Amino acid sequence: MEHPNRNSFPKIETTEQASKWNVSCSQRAKNTFNPIRNFVQNTTVKPNPEKSPIRLSVGDPTEFGNLVIPQQAVHQLSENILSGKYNGYTMSFGTLEARKAIAEYFSSQECPVQPQDVLLTCGTAGAIELILSALGDEGKTVLIPKPGFPLFQTIASSLGLKTKPYRLKQEDGWQVDLEDLRSQIDQDTVAIIVNNPSNPCGSVYTKQHLQDILDVAEKCKIPIIADEVYANMCFDGIPFYSVASQSRNVPVISLGSISKLFAAPGWRLGWLIVHDRLEILLDAGVVQCLHQLTMRMLVPSSLIQSIVSTLFSEHCIKEQSRIVEQLERNANAAYPLLREIPGLSCTKPQGALYMFIHLDLNVLAFENDVEFTELLWKEESVFVIPGSCFGWNGAARIVLNAPGPIITEACHRIRSFCERHHYRV
Ligand SMILES: Cc1ncc(COP(=O)(O)O)c(C=O)c1O
């Protein structure tokens, strides 16, 4: 069975007719590969027709219709369309109104944010692309978590940047292995990407752990890119601390979007916030370069920008908290069911949208995690993503976005599947 996280890409065969034309593909395009999208979009395995499909694969909160965008924002959007006032271009880095709303939401006494620190992007994905484009030329290196969200590597490779993984310690609740992080830094390193709360691990870092990561960054004089797309999506009263809130001297670029927070990934609105207390990024020209780069695309759409202040209103934030409550209930229901299954082990999710499950392949009769996920889909119609898509073999990621009874049903199906595929001694 082919490994989905392979480093080679499907080979492009040029026909005789095409080769006579002055047409070719860029290396950049050939280097662009997203293992999750590849796995989800190109799987040829069919689900069991006897069982209703349960897709716990893509981190899309809208998949089952139970997690919804605050309705006031939807009404405001339809009013704004009809008003005809939002059909034009905005400033390339976004409207002041939208940036002000985001700045106010993320501002705190120890970490003030001004509207001019905020740039709007096409989702967090657009923010990752923007900051990596600004920070590094071809051949430079970005440090990424392992296991980690594969888009970091997808975008970096596409831009000609190299990535080096640093290890997260499963035995330590998926905290960063600080020694490993330090050992990966060299003269080519341009940034450390920290993803908290984590996709795929569902972990949330403590203040102390963030300070330990910042210490490494400060000693080595490397800025941090904080992917905080799951900011404030924490369970069981666990607090969320942003990386920037703990930084005194390290420049931090925080990224986020309305995709998960407000269950609106298709609206494609994200942001990048520059936290640069010592004006290091400013003096190095990075802030100016970020602005220059926003002039290429003019995203996100003016209409979606027009409802950002509504989304961040008190009323919508209150409604949004129900999304997190539902995810928390799902995490609390799924964890004890999955933990009990012989051959599986997992840590309790503390936040985000996911559970990352270790597969003991000495106990479960599968060659690898790809075979596990493909057969689970084929036999039980439950679709999850192999850990190898996140750079971690022998695991599977489950999305917690479904209504409670569906999550429970999926866990029961996973149990009978694992029992059937258990090595008998
Ligand atoms: C860690 C992380 N970063 C970025 C993204 C991209 O999100 P967006 O829809 O905001 O582009 C995702 C989506 O799953 C994610 O999990």
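Residues numbered from 1 in each chain as written. Predicted model: local features only at pLDDT ≥ 70, side-chain atom pairs only at ≥ 80, totals over all residues. Heavy atoms only, no water.

Identification of the chain as Tyrosine aminotransferase from Galdieria sulphuraria is taken from an unreviewed UniProt entry. Here the chain is described in UniProt, under the heading Sequence similarities (unreviewed entry), as follows: "Belongs to the class-I pyridoxal-phosphate-dependent aminotransferase family." UniProt, in the comment section headed Cofactor (unreviewed entry), describes the chain in these words: "pyridoxal 5'-phosphate". (UniProt positions renumbered as here; feature names shortened; annotations may be inferred.)

## Focus on the domain arrangement of the chain
For the chain, the assigned domains read domain 1 (30-67 + 320-420) and domain 2 (71-315). Here domain 1 and domain 2 have C-alpha centroids that lie 26 Å from each other. In this assembly, 34 residues from domain 1 lie in contact with 35 residues from domain 2. Approximately 2,900 Å² of surface area, both sides summed, lies buried where domain 1 meets domain 2, with 60% of it carried by carbon and sulfur atoms. Scanning the region where domain 1 abuts domain 2 turns up 16 residue pairs in polar contact (both at pLDDT 80 or more). When contributions to the side of domain 1 that touches domain 2 are tallied by element, the ones reaching two or more residues are helix H3 (35-42), helix H16 (314-339) and strand S11 (354-359). Counting residues per element, the side of domain 1 that touches domain 2 draws most heavily on H16, at 7 residues. (Domains from an automatic or database assignment. Contact = heavy atoms within 4.5 Å. Buried area = accessible area lost by both parts, 1.4 Å probe. Polar contact = N/O pair within 3.5 Å; in protein donor to acceptor, adjacent residues only side chain to side chain. Helix = DSSP H or I, 4+ residues; strand = E, 2+ residues; numbered from the N terminus.)

## Topic: the side chain of Thr124
Tracing the backbone shows Thr124 in helix H6 (residues 123-135). What makes Thr124 buried here is its relative accessible area of 8%. If we skip the residues at most four places from it in the chain, Thr124 touches Asp227, Val229, Leu255, Gly256, Ser257 and Gly270. (Buried < 20%, exposed > 50% of the residue type's maximum accessible area, 1.4 Å probe, protein only.)

## As for the UniProt feature "modified residue: N6-(pyridoxal phosphate)lysine" (unreviewed entry) in the chain
Mapped onto the present numbering, the UniProt feature "modified residue: N6-(pyridoxal phosphate)lysine" (unreviewed entry) falls on Lys260. Structurally, the position occupied by Lys260 is in helix H11 (residues 258-261). Contacts of Lys260, omitting those with residues within four sequence positions, involve Gly59, Pro61, Val229, Tyr230, Met233, Ile323, Leu353 and Tyr354. Reaching out from Lys260, the side chain makes a polar contact with the side chain of Tyr230 at a distance of 3.5 Å.

## Focus: the sheet that holds S11
Each strand in a sheet pairs with its neighbour through backbone hydrogen bonds, running either in the same direction (parallel) or in the opposite one (antiparallel). Strand order in the open sheet made by the 4 strands is S10-S11-S14-S13, with antiparallel pairing throughout. The open sheet terminates on both sides in strands that have one partner only, identified here as strand S10 (344-346) and strand S13 (385-386). Summarising the sheet, S11 and strand S14 (residues 395-399) pair through 5 bridges and their orientation is antiparallel. If you follow Ile357 over to S14, its bridge partner there is Ala396. (Pairing = 2+ DSSP bridges.)

## Comments concerning the nonpolar core
Leu56, Trp271, Leu338, Leu344 and Ile414 are the most contacted members of the largest nonpolar core, which has 64 residues in total. For this core, the leading source of residues is H16, giving 7 residues. Split by domain, this core shows at least three residues from each of two domains, domain 1 (30-67 + 320-420) and domain 2 (71-315). Not counting chain neighbours up to four residues away, the residues in contact with Ile414 comprise Leu338, Ile341, Leu344, Leu376, Val382 and Ile398. Core analysis: the second largest hydrophobic core is formed by 36 residues, Val194, Val243, Val252 and Phe356 among them. (Core = buried A, V, L, I, M, F, W, Y, C linked by side-chain atoms within 4.5 Å.)

## A word on the pattern of salt bridges
For the coordinates displayed, the defined rule picks out 15 salt bridges. For Lys51, the salt bridge is made with Glu380, and the minimal N-O distance between the two is 2.8 Å. Here the residue Lys51 occupies a position in the loop between H3 and strand S1 (54-55), and Glu380 occupies one in helix H17 (residues 369-380), the gap between them amounting to 329 residues. Of the charged contacts in the structure, one is a salt bridge between Glu129 and Arg296, with a shortest N-O distance of 3.1 Å. With a gap of 167 residues between them, Glu129 in helix H6 and Arg296 in the loop between helix H13 (286-294) and helix H14 (302-305) connect regions that are remote in the sequence. Taking the relative accessible area as the measure of exposure, Arg296 reaches 45% and is therefore partly exposed. The structure contains a network of salt bridges with shared partners spanning Lys51, Glu379, Glu380 and Arg420. (Salt bridge = Lys/Arg side-chain N within 4 Å of Asp/Glu carboxyl O.)

## What about the pairing of S11?
Among the 6 residues of S11, 5 are classified as buried, and the element is accordingly described as predominantly covered. The sheet contact formed by S10 and S11 spans 3 bridges and is antiparallel. Each bridged residue has a counterpart across the sheet, and for Cys346 the counterpart in S11 is Ile357.

## Regarding the environment of Lys46
Here Lys46 is to be found in the loop between H3 and S1. Separated by 227 residues in the primary sequence, Lys46 and Ile273 have C-alpha atoms spaced 42 Å apart. When sequence neighbours within four positions are dropped, the list of residues in contact with Lys46 reads Trp377 and Lys378.

## Observations regarding the site of the ligand
Neighbouring the ligand are 14 residues; Asp227, Tyr230, Ser257, Ser259 and Lys260 lie closest to it. Between Arg268 and the ligand, the recorded distance is 2.8 Å, taken from a side-chain N or O atom to an oxygen atom. Among the secondary structure elements, those contributing two or more residues to the shell around the ligand are H6 and H11. At 3 residues, H6 tops the list of elements feeding residues into the shell around the ligand. (Near = heavy atom within 4 Å.)

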